[in-house]
Each structure stands twice: as C-alpha cells, then as structure tokens.
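Residue-level structural notes
Given next are the chains, with one letter for each unit.
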Amino acid sequence: MDVQPMKNKVFVTGVGMVGPCGNTAGAFWDGLLSGRNYMTPLQLEGTVGEAPPFAGQVSGMEPEQVISKRLFKKCSRFSVMSILAAKDAMDDAGWDLGTMSRERIGIFVGNNSGGWESARNGLRVLHNEGAPFIDPNLASNWFPAAAQGHMSLAFGIKGYSKTVIADRSSGLLAIAYAARALRSGIIDAAIVGGAETPLDPWALSFYNSEGLLNLKADSPETAYRPFVAARSGIALAEGAAFLCLESERSLRKRESTGRVRASIQGFGFTNDGQESAPHQESVTQYARAIRLAIGHSEIQPEQIGYLSLDGAASSRQDGIECAAIQEVFGGSASDKWAGCPKTSFGNTIGAAGAFDVALSVLAMNHGQLPGLPYLAESAPDNDLNFVAGSSRRVSVESSLILSRGRGGVSSALVVKGEGL
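Keep in mind the model is a prediction, meaning the values are calculated, not measured.

1. Structural notes on the overall build of the chain
For the chain, the count of helices and strands is twelve helices and 15 strands. For a compact globule of 420 residues, the expected C-alpha radius of gyration is about 22 Å, and the chain comes in at 20 Å, within 12% of that figure. Burial status across the chain gives 59% buried among its 420 residues. Considering only residue pairs separated by 6 or more positions, the chain has 79% of its internal contacts joining residues 24 or more positions apart. Roughly 16200 Å² of accessible area belongs to the chain as shown, and the carbon and sulfur atoms make up 49% of that amount. In the chain, 37 positive and 41 negative side-chain charges are present, and the distance between their average locations comes to 6 Å.

2. Comments concerning the environment of Val357
Along the chain, Val357 falls in helix H12 (residues 352–366). Once the C-alpha coordinates of Val357 and Ser399 are considered, the two residues, 42 residues apart in sequence, prove to be 8.7 Å apart. Val357 has contacts with Leu172, Ile175, Leu243, Ile401, Leu413 and Val415, leaving out every residue within four places of it along the chain.

3. Re unusual backbone geometry
Positive phi outside glycine occurs at Phe227, with the angle close to 70°. Along the chain, Phe227 turns up in the loop between helix H8 (201–209) and strand E7 (239–247). Phi at Ala313 takes a positive value of approximately 60°, unusual for a residue other than glycine. Mapped onto the secondary structure, Ala313 falls in the loop between strand E9 (304–308) and helix H11 (315–329). Look at Ala313 and you get buried, because its relative accessible area is 2%.

4. Brief notes about the state of the cysteines
Per the counting criterion, the structure on display carries zero disulfides. Among the cysteines around Cys244, which has no disulfide bond, Cys75 carries the closest sulfur, lying 19 Å off. Take Cys244: its relative accessible area is 0%, and that puts it in the buried class. The thiol of Cys322 is unpaired, and the distance to the nearest cysteine sulfur, on Cys340, comes to 11 Å.

Definitions and limits used
Residues numbered from 1 in each chain as written. Predicted model: local features only at pLDDT ≥ 70, side-chain atom pairs only at ≥ 80, totals over all residues. Heavy atoms only, no water. Helix = DSSP H or I, 4+ residues; strand = E, 2+ residues; numbered from the N terminus. Rg over C-alpha atoms; globule rule 2.2 N^0.38 Å. Buried < 20%, exposed > 50% of the residue type's maximum accessible area, 1.4 Å probe, protein only. Contact = heavy atoms within 4.5 Å. Areas by Shrake-Rupley, 256 points an atom, 1.4 Å probe, with all protein chains shown as cover. Lys, Arg positive; Asp, Glu negative; His and termini not counted. Charge placed at Lys NZ, Arg CZ, Asp CG, Glu CD. Disulfide = S-S within 2.5 Å.

As structure tokens, then:
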C-alpha cells in the first residue's frame, strides 16, 4: 500500500456505555457475555403503519447522580444517555477535569435522529395550544448536535468539537474526526462516541419507510439475525457509547501511561457515488474503505484478528459486506474471527459504530469475543469464521470495525489492543 501509517498515536483510555445490556460499560459487557437477548416488546402509541415488535430499550438510568435538575430539564433522552455514558468513560479513564485544561478537550458525537420525542412533543403543543406555550428549550434540544452542547454544559468542556450525521457510519466518523483533531494538536483529549434514541413513533415511521426494519419477528431471538438465510431486517435499539481518547502528551501530563486500553489506528471512508450502485461497485468501494483504514495504520492485514461487522440483515447488504472482506483478505479471511455483537441488543444506527469500537476494545482487553447466540455454528455460505454462541476465549491483537449507511457510504476503522 502506498499510504504511510499515521503518526502521533491516539490512545483509548476509557470506555463508557448506557444501553439495553446495562448502564455502565462493565454492566453492559457482563450482560452481553451472558448470552441473553436484550430486546423486549415495543409498545408505542401513535405509530404510523407497522411497528417492529421488539427493540433494545434502556431502563434504570439514574441521571440525577450526574446531571443537575436545571440541565436535565433542557435535555432530550439522547443527551441524557450521552452525559451518563461520557461520565462512565471519564471515570474509567481516571480523568480529573479539575486538573486538565478543558479548553484542550473536545467532544465528538455520532448521531442520526436527534431528539425525536422533543420535536414531536413540541409540534403537538404548537398545534394544540399555540406558539406561546412551546418549551423555550425545544430549539436547542431536538437537533443532533444537542448532545454535544449538553455534554459541554455538564462537564465544562470547551475545546474543538463536532457532531457527525452519516447514518450507521456516524459513530465511526466521529471517532475518526476526534483522532484527526488529536493528531493535529488542536486538542489533547476527547470524549467521543455516539448516541441514538430511535424508539419514537416518528422515527420508526422514517426507518420503516427505508425498509430497514424486521416487522415480522415472533420472538426477541428472531428479531435481528444477519448473515443467515432467515434474516429479515434489523431491530432498533437506543443507547450511548463513548470513549476517552488522549494524545501521548495528555497521558504523560497526567502521568497515566499505564491506563491505555487501545490505540486508534487507521480510518477509511468511501461512497458508492450513486444511490443504488451496482453490487460490484458497492463491493469495490467497501473494500477500498477497508484498504484505506489498514493503509493508514501501523497494522498489517495478517495482524487483524477480529472483524466487527455492520450486519444490515439483508441479503444484498450482507452479501456486499462479506464480498468486500473477501476481496481484501482473500483466503486469509477465514483465519479471522467475525462477529456482530449488536444482534443481542439491537442496532443503534448513529451510535452503532461507537458501540462496536467500545466492545472491540473490551474484547481485546479481556481476551474474549462476543458471539452470535443465534448461530449454532458458522454460516457456511459466507466464508467467514463467525463467533458462534455467547462468546469465545480468544486473544486478538487488532480489530477491524466496519459500517455502512444509506446512500452507499462505507467506513472502516482499525483499533489495536494495548491492554491495561
């Protein structure tokens, strides 16, 4: 490859999550490895058309432990989840914001839907009661960048920040932007990840019109099954996953070089160039994103031991993903473990990439790969070595996280495990 590895390493020092499996990274990880399915019956009033029968839902949050009453009143649900997951990540990293320069810390968020419930409630008030009765916070709590702003208010963080909207690739792109800002020296540290709350009647109508959802599942276990013949679309989930990223300068200043969990390596992002590209063109562009990610890293293809897949659960998209992997790795693809952990709790769309990176980091730290519980054995028609069952004890050096999105966007990120 003609692309030189990126300089100025970016380290992952903390992981935080709020989601269907648990409301901290530790609880989420333990829940995921239990082999349970975390999708539950979805009952919403006001849905237009069919609604998915099951989804990954969050319960038991305790925002009052972190968020002031004044700020809480201004926040949509996805902002609340973002703040809680970010605090979990900062605690994991051992950050003391009082001793760090908050002007040198950034916030990067991947999101696709914004605060649907705030927008819907605001328009209902406008229609039924009139403009004078609209919540004055509506203008600043419904749009996708709201979580970034609310996190800044919650923690007093003032550095260069960005919100990314790129469908299921949003989370990976947010991490890539944060890594680039750290490498350029604009900031020394960042809170980065994704948040999504798509379980709202209006949001469901949108995703349903895209043909993404499995509307016919008869049990949680059949709601989301990519890479098998029985697949019939994704199941949605809400949640937030965030990482603490730091430059070497930040680590040395904090005297915390021993707290490194992983390093962010290379990133690749491509586009098919047309809404409905021919199958082979989509495969080519997806494969190009993978090659770019590897080419921008210090990792060789043979060092990648785990593939965290997008898992769109459609025959076309699953086929494109598997074919792109085969095009890049050839026969050695079967030497790598492949997984899609979100099949146990649902697809969080804009936050999916952040969840996948966070879980890949934890998997490398613990030497245990989350499995596909619905697979008794690897699906033979994909030529990939899937992790069947609840999990498998395997030590891998590096992971490749993959994501696709509407309009033919493809993204890939290489992460190297460093261990604590």
